[in-house]
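# Architecture and fold: a report
Listed here are the chains, written in short residue letters.
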Amino acid sequence: MQDAARSFFRSAIETPSPSGFEEPIQSLIRDYITPYADNVRSDVHGNLVASVGDLSGPKLMYAGHCDQIGMLISHIDELGFLYAQTIGGWDPQQLIGQGMTIWTAQGPVAAVISRKPIHLLNEQERKQVVQLKEMWLDIGAKDESEARQLVRIGDPVTLDLSYRPLLGDLVSGPGMDNKTGMWTVMEALRRASTSVDSLRCHLHSVSTVQEEIGLRGAKTAAGSINPDVAIAVDVTHASDCPTIEKQQQGDIRLGRGPVIFRGPNINAKVAQRLIELAEKNSIPYQLAAIGRATPNDANVLQTHGGGVATGLVSIPNRYMHSAVEVVSLADIDHVAELLAKFAQSLTLDDDFIPS
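All of these numbers come straight from a predicted model, not from anything done at the bench.

About the cut-offs
- Residues numbered from 1 in each chain as written.
- Predicted model: local features only at pLDDT ≥ 70, side-chain atom pairs only at ≥ 80, totals over all residues.
- Heavy atoms only, no water.
- Helix = DSSP H or I, 4+ residues; strand = E, 2+ residues; numbered from the N terminus.
- Rg over C-alpha atoms; globule rule 2.2 N^0.38 Å.
- Contact = heavy atoms within 4.5 Å.
- Areas by Shrake-Rupley, 256 points an atom, 1.4 Å probe, with all protein chains shown as cover.
- Salt bridge = Lys/Arg side-chain N within 4 Å of Asp/Glu carboxyl O.
- Pairing = 2+ DSSP bridges.
- Axes fitted to C-alpha atoms, helices over the stretch in contact; angles between N-to-C directions.
- Core = buried A, V, L, I, M, F, W, Y, C linked by side-chain atoms within 4.5 Å.
- Buried < 20%, exposed > 50% of the residue type's maximum accessible area, 1.4 Å probe, protein only.
- Phe/Tyr/Trp six-rings, centres within 6.5 Å; stacked < 30°, edge-to-face > 60°.
- Lys NZ or Arg CZ within 6 Å of the ring centre and 35° of its normal.

### Focus on the overall build of the protein
Along the backbone of the protein there are ten helices and 17 strands. For 355 residues, the compact-globule estimate of 2.2 N^0.38 gives 20 Å, and the protein sits close to it at 21 Å. Seen through its principal axes, the protein has C-alpha atoms that stretch 70 × 45 × 40 Å. In the protein, 76% of the contacts between residues at least 6 apart in sequence involve partners at least 24 apart. Surface exposure of the protein reaches about 15,700 Å², of which carbon and sulfur atoms provide 50%.

The following block contains the structure:
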């Protein structure tokens, strides 16, 4: 992994991107990818599309969503405490006692989120799972007036966006879902565009928006690109930690490479091409199965228009939708390399219609 690519990844993790508020990270991505693309554009939905390659070749779309789960300020009380709705799927237990940041028009405002101390909980309250309505954000305001001078209803909120290296090549922080996938599709375009092997396809790497609230960005991006082939990149649950059942999730481990999915949402020939390219180029990979429509961008890509030959490559991730998601840098590097090889292999002669 090049130093510039590594720095871009860290900056992405440290940049806010709650669903519907992706402008800061899309600006970061645009600055990074523009030197390597023939064209970079943004659509009305907020997707960022970087394109390169042969305009007369098959249209290949890579989708990695840049949005992360967050919160949205919905009420400010007379004491200056703030209440918020969730953006995306939260386990409220993950929020207790967290440092938070409110992203306002005037800049970031530090906050903490908490609940009544355990000393003051009655016996019944101690047995219950905490409700979101029982938590509040504290910015230190002395009253409602002071709070409203800084924060408006509808301002987005994230966890503190820290990037923490662990042992080996593991890193931790919020938003690995799915800034890792976004990074891989952009890095794949950079590698494919700078390779000595010319591209015979027209590659569109898309940083999609609003995946966490219904796969919305991938749907609209596919509408403007009309791809022949598409691959979504997202995270998947690693099962190499306590309490995760391998019988249900599969044996998925950090550091063992890209996870290539098979199942009805996946074009079998696309999956097989990915497997063959991984083996040919000594890229480690893992297989996973899903017997239903996937809960990620591959879902809407497959059913766009008259149908798109769709693949899904995933990145093992521990502790998804938390402040301490953990991934392997080697894994995302290998995903980017596999995607670059796939783009370089694609020609007009390829036929992905099931035999």
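Anyway, onward from the coordinates.
### A word on the pattern of salt bridges
Applying the stated rule across the entire model yields eleven salt bridges. By sharing partners, the salt bridges in this structure join Glu187, Arg190, Arg191, Asp333, Glu337 and Lys341 into a single network.

### Let's talk about the pairing of strand 5 (residues 82–87)
Examined bridge by bridge, strand 4 (residues 70–76) and strand 5 share six bridges and lie antiparallel to one another. Within strand 5, the position partnered with isoleucine 76 by the bridge is leucine 82. Adjacent in sequence and paired antiparallel, strand 4 and strand 5 are bridged by five residues, among which glycine 80 carries a positive phi angle near 95 degrees.

### A short note on the sheet that holds strand 12 (residues 202–208)
Pairing is mixed across the open sheet formed by eight strands, whose spatial order is 1-2-12-3-13-16-14-15. The outermost strands of the open sheet, each flanked by one partner alone, are strand 1 (39–42) and strand 15 (286–289). Each strand of the sheet is rotated relative to its neighbour by a mean of 25 degrees, with strand direction disregarded. Where strand 3 (residues 59–65) lies against strand 12, seven bridges are found, and the strand directions are parallel. In the strand pairing of strand 12, lysine 59 is matched with histidine 202.

### With respect to the sheet that holds strand 17 (residues 326–328)
Pairing between the strands of a sheet is mediated by backbone hydrogen bonds and can be parallel or antiparallel. The strand order 10-11-17 describes an open sheet built from three strands, whose pairing is antiparallel. If you trace the sheet from one side to the other, it starts and ends with strand 10 (164–165) and strand 17, each paired once. Bridge analysis of strand 10 against strand 11 (residues 170–172) gives two bridges, and the strand direction is antiparallel. By the bridge assignment, proline 165 is partnered in strand 11 with valine 171.

### Description of the nonpolar core
Residues Phe9, Leu60, Met61, Tyr62, Leu203, Ile231 and Phe342 are the most contacted members of the largest nonpolar core, which totals 79 residues. Setting aside its immediate chain neighbours within four residues, phenylalanine 9 contacts Tyr163, Val171, Met176, Lys179, Thr180, Trp183, Leu329 and Ile332. In this structure, Ile69, Ile73, Met100 and Leu137 belong to the second largest nonpolar core, which totals 23 residues.

### Description of the packing of aromatic side chains
Using the criterion set out here, one finds four aromatic pairs in the structure. Ring centres of phenylalanine 8 and tyrosine 32 lie 4.0 Å apart, and the angle between their planes is 10 degrees; on these two criteria the pair is classed as stacked. Taken together, the positions of phenylalanine 8 in helix 1 (residues 3–13) and tyrosine 32 in helix 2 (residues 23–33) put the pair 24 residues apart, joining distant regions of the chain. The exposure class of phenylalanine 8 is buried, given its relative accessible area of 4%. Seen from their ring centres, tyrosine 32 and tyrosine 36 are 6.1 Å apart, and the 55 degrees between their planes marks the pair as tilted. According to the relative accessible area criterion, tyrosine 32 is buried, its value standing at 13%. Grouping aromatic residues by their ring pairs yields a cluster made of Phe8, Tyr32 and Tyr36. Above the plane of the ring of tyrosine 36 lies arginine 190, whose end atom (NZ or CZ) is 5.8 Å from the centre.

### Some thoughts on the environment of glycine 263
Tracing the backbone shows glycine 263 in the loop between strand 14 (259–262) and helix 8 (268–280). Judged by its relative accessible area of 27%, glycine 263 falls in the partly exposed class.

### Side note on the pairing of strand 16 (residues 309–317)
Here strand 16 lies mainly inside the structure; nine of its nine residues are buried. As paired strands, strand 13 (residues 229–237) and strand 16 are joined by nine bridges and run parallel to one another. Its bridge partner being in strand 16, valine 233 is matched across the sheet by valine 313. Sheet topology note: the strand 14/strand 16 ladder contains two bridges and is antiparallel. When the bridges of strand 16 are listed, valine 259 appears paired with serine 314.

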